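Chain by chain, the residues:
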Amino acid sequence: MGNWLKCVIAFASAFALMLAFRTLVFSVHSVSGDGLAPLYHHGDQLLVNRCSYGLRIAGNGLLPYSRLLRQPVKKGDIVAFCIKGDFVNGLCIARCAAVPGDTVSTLDGPLEVPGLKTCANADYYWLEAINKMNPADSRHLGFIPERDIIGRVVTTLYNRHQLPLP
């Protein structure tokens, strides 16, 4: 086999592995809006660990939703989640304020976060942005089901507001 063919096969294999790794394990997302300011700002690039709560199998109508090696979301985790709604649509970032079984105090009175630890379809979370006016959190959207949570934010890859070192 020619050297050029070996190089093409090596490059194609590396590209396929990188694509699978990025799709299944880690993904990079841009922050739009200032809902988690001063921690994250509009334009920041965040690295999201898609396997932090187990390997997510969305199904999309072909298979039932499930998570392999499932781990619960913990209070204080900053998570990325998808939302499809009238006012907000797409990827959102928020901090987990309450897990299934917790009671949340709201203006309308206390709410209990529904969910059972043993049933993946019944687990809901109360996710809040730091900015109280942000429409992409549970104060405006209600309980967020586990199936909509993509993963935990690991780090900031690029921060627009990072100050230069002296």
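Sequence positions are assigned chain by chain, starting from 1 and proceeding in written order. Reporting in this predicted model follows two pLDDT cut-offs: at least 70 for local features of residues, and 80 or more for side-chain atom pairs to be given and counted; totals over whole chains, interfaces and linings ignore these cut-offs and use all residues. Each side-chain value is worked out from all heavy atoms of the structure, with water and hydrogens disregarded.

**Brief notes about the pattern of salt bridges**
Between Lys or Arg on one side and Asp or Glu on the other, a salt bridge is scored when a side-chain nitrogen of the former is within 4 Å of a carboxyl oxygen of the latter. Tallied over the entire structure, the rule returns 1 salt bridge. The shortest N-O distance in the salt bridge between Asp102 and Lys75 comes to 3.0 Å. Highlighted residues: Asp102 in the loop between strand S6 (89-98) and strand S7 (103-106) and Lys75 in the loop between strand S4 (66-68) and strand S5 (78-84), separated in sequence by 27 residues. Each residue is placed in one exposure class: buried if its accessible area under a 1.4 Å probe, protein chains only, is under 20% of its type's maximum, exposed if it is over 50%, and partly exposed if it falls in between. Here Lys75 falls in the exposed class, since its relative accessible area comes to 51%. Here a strand is any run of E in DSSP of at least two residues, a helix any run of H or I of at least four, and the numbering for each starts at the N terminus.

**Structural notes on the layout of surface pockets**
Here the second largest pocket is characterised by a volume of approximately 190 Å³. Those elements that provide at least two residues to the lining of the second largest pocket are S7, strand S9 (124-128) and helix H2 (138-141). Here a cavity denotes grid points, spaced 1 Å and computed from the protein atoms alone, that fit a 1.4 Å probe unable to get out, and a pocket denotes an open set having protein on both sides within 12 Å along at least 5 of 7 lines; residues with an atom within 4 Å of a point are the lining. Grid points are joined across faces, edges and corners, and a volume is the space filled by probe spheres set on the points.

**Details of the packing of aromatic side chains**
Aromatic rings from Phe, Tyr and Trp, with only the six-membered ring used for Trp, were paired whenever their centres fell within 6.5 Å, and each pair was classed as stacked if the ring planes differed by under 30 degrees, edge-to-face if by over 60, and tilted otherwise. This model, assessed by the stated rule, comprises 1 aromatic pair. Look at Trp126 and Phe143: their rings are 5.5 Å apart centre to centre, the planes differ by 65°, and that puts the pair in the edge-to-face class. Residue Trp126 is found in strand S9, and its partner Phe143 is found in the loop between H2 and strand S10 (144-145); the two are separated by 17 residues along the sequence. Using a relative accessible area of 5% as the deciding quantity, one classes Trp126 as buried.

**Digging into the pairing of strand S2 (residues 45-49)**
Among the 5 residues in S2, 4 count as buried, and that is most of the element. What makes two strands pair is DSSP finding at least two bridges between them. Both strand S1 (residues 26-30) and S2 contribute to a ladder of 5 bridges, which runs antiparallel. The residue of S2 that forms the bridge with Phe26 is Asn49. Of the pairings in the sheet, the one linking S2 to strand S11 (residues 149-158) comprises 5 bridges and is antiparallel in character. Paired with Val48 across the two strands is Val153, which belongs to S11.

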